[in-house]
Amino acid sequence: MLELQGVYAAALSAAALPRPVLFDIGLRLDAGEQVAIIGPSGAGKTSLLQLLACAQAPLRGHYRLAGKPVWELRRSALQSLRATLFLAPQLPPFPPRQRVVTAVLAGRLPAWSLGRSLRSLVYPSDLAAARAALAQFDLEQKLFERVDRLSGGERQRVGLARALLAPASLWLLDEPLSALDPQRAAQAAQAITHGARQRGITVLASLHHVDTALKFFPRILGLRQGRLLFDQPRHAVTPDLLQTLFAPQDPSLDAAYDAACGHPAMADAPLPALAAVMR
Amino acid sequence: MSKAYAHPTPALRDPAWPGRAAATMLALLLLWPLGVATEFRPWSLLDARSLAVSARFLADFFPPKLSPDFLALVLRASWRTVAIATAGVSLALGAAIPMALCATRALSISRLAGRMAPLPAALRQGVRALLIVLRSVPELIWALVFVRVVGLGATAGVLAIALTYTGMLGKVYVEVLENQDAEPTQTLLRNGCGRLQAFAYALLPQAAAELGAYTVYRWECALRSSVVLGFVGAGGLGQLLDASMKMFDGAEVCTMLAVFVLLVGLADAASAALRRMLQ
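Just so it is clear, the structure is predicted and the values come from calculations on it, not from any experiment.

Engineer: Describe the pairing of strand β7 (residues 170–174) of chain A, listing the residues and the values that go with them.
Structural biologist: All names here are of chain A. Burial within β7 is extensive, with five of its five residues counted as buried. Across the two faces of β7 the burial is the same, with Leu170, Leu172 and Asp174 and Trp171 and Leu173 all buried. Where strand β6 (residues 85–88) and β7 come together, four bridges link them in parallel fashion. Bridge pairing in β7 places Phe86 opposite Trp171.

Engineer: Give a detailed account of the sheet that holds strand β1 (residues 2–10) of chain A, specifying residues and quantitative values.
Structural biologist: Residue and element names in this part refer to chain A. The sheet built from four strands is open, its strands ordered β2-β1-β4-β5 with antiparallel pairing. In the strand order of this sheet, the two ends are held by β2 (20–29) and β5 (68–69), each with one partner. In terms of strand pairing, β1 meets β2 through six bridges, oriented antiparallel. Counted as the bridge partner of Glu3 is Arg28 from β2.

Engineer: Describe the sheet that holds strand β9 (residues 219–224) of chain A, listing the residues and the values that go with them.
Structural biologist: Residues and elements named next belong to chain A. Taken together, the six strands give an open sheet; going across it, the order is β6-β7-β8-β3-β9-β10, and neighbouring strands pair in mixed fashion. On the outer flanks of this sheet lie β6 and β10 (227–233), each paired with one strand and no other. With direction set aside, neighbouring strand axes in the sheet form an average angle of 15°. Of the pairings in the sheet, the one linking strand β3 (residues 34–38) to β9 comprises four bridges and is parallel in character. When the bridges of β9 are listed, Ile38 appears paired with Gly222.

Engineer: Give a detailed account of the confidence of the model for chain B, specifying residues and quantitative values.
Structural biologist: Low pLDDT marks regions whose predicted coordinates should not be analysed in detail. Residue and element names in this part refer to chain B. Per-chain confidence: chain B averages 87 in pLDDT, with 97% of residues scoring 70 or above. The element-level mean pLDDT for chain B is lowest in helix α1 (residues 2–6), coming to 46, with helix α7 (residues 154–179) highest at 93. Counted against residues more than four places away or in other chains, residues 1–5, with its pLDDT under 50, gives four contacts. This prediction of the complex comes with two scores: 0.80 for pTM and 0.82 for ipTM.

Procedures and definitions
Residues numbered from 1 in each chain as written. Chains lettered and ligands numbered in written order. Predicted model: local features only at pLDDT ≥ 70, side-chain atom pairs only at ≥ 80, totals over all residues. Buried ≥ 20, exposed ≤ 12 C-beta atoms within 10 Å, placed from the backbone. Helix = DSSP H or I, 4+ residues; strand = E, 2+ residues; numbered from the N terminus. Pairing = 2+ DSSP bridges. Axes fitted to C-alpha atoms, helices over the stretch in contact; angles between N-to-C directions. pLDDT = per-residue confidence, 0-100. Contact = placed C-beta atoms within 7 Å.

Put into structure tokens, the structure is as follows:
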């Protein structure tokens, strides 16, 4: 399905002198796998998802998606490859005043011709599918509401319902449950994993909640300071491993990297002092 | 930075003040020679001779001429002016919308992964340059050209307005589209949608109210332009106004100006209604 080899990557919209936030990532996902990424904030989870979503070329290393070397493709081929994946950003990006039904049906766009897309703005093209997708997240009664009148959690679930309509074979979900209460989160996680299994879709989701990750996802990636700390089936993820993953960061690594690259290592920011407080 | 840590409470003095004061002084210093160069002497409006001339001119205005024949004539001419403005702006829209879609960076697919590719960048620059050329020639000049080509009458006015307003509308459309939140549009493009699909489902819903209000405002400007174009023989209220001014008939001028105020007020109400509808 997809394969990363020795990939270094910068954050999206990085400065002119991009500075890697992902180091030496090697990863292989087979079709239909369901994988969770966990790790402290700032570990590079979002950057990894964006790298896999073909949002940015890696600084070094190789990325193959569906057997194709992504960044050697022509632009049109790359764009049609993008239609086979679905990236759900953490904050669902809807234009204000759009209706839920339009926001959800936008997931279908890669499969639609321009004519059909425009007709669907005049009269929604696949109402039944939109309602069924929303029903998975208990939102079918909001079908004709405006997205800017929804709560944060409802917006997030509308974003996930969009995934159910996308003609994609890979879902990349960035913190899909971050705005949900525990009960809703469990229901949404269930809907995602079940929906993906039914359609044979590969799922990669970053989660800040470790218990949810372990409960719903059979394979777990631990990302720490831009490196893949572990890649294990869930039963092999021990409390020790988790403790290492979430241990306070060692700033000397950053400083060493900056020295090696000739960056001013934000020298006057009191990093060691901060780390001492965290310990 | 270390000093800031040593003294965490800032002094009770606005650090931005000296810069702001200096900028104001500089602006005044630069304005002074401009005022001299343009012979800007507003007090000369208030000396006795100027006041007498203005008073005589204004006294001519009253009472406005309200005879039924004349009103019918003014009404026909205003209708013609509205028609010239509307036809000109409609033609301009037909050209400005596709050109804005070509020129806006917000719909660039190659820019999703860093820099825009050279060919699309050149196309966008080219369209921008064309828009600059179109709007840098004043409509009055276009009208003088077209009066020679197609003869006296409304057609010259319509074509002149269409060309200049294509430039103005196109430029502002491009900027309005680029000022919107890029996230919804880029998310759709990243998921493999086409540019026009992303435009219809993410960019347009955000920008619709602003684009609509600006277009109505431009229509209002086109009304004014078409009056000016009347002076060079492009028909409508302007031609009538020209004749009355030449005959020093203040009463007729007053009636026509009143009609004109009504037209602009109408445009304002239309714009407000449009924005309310799209909010």
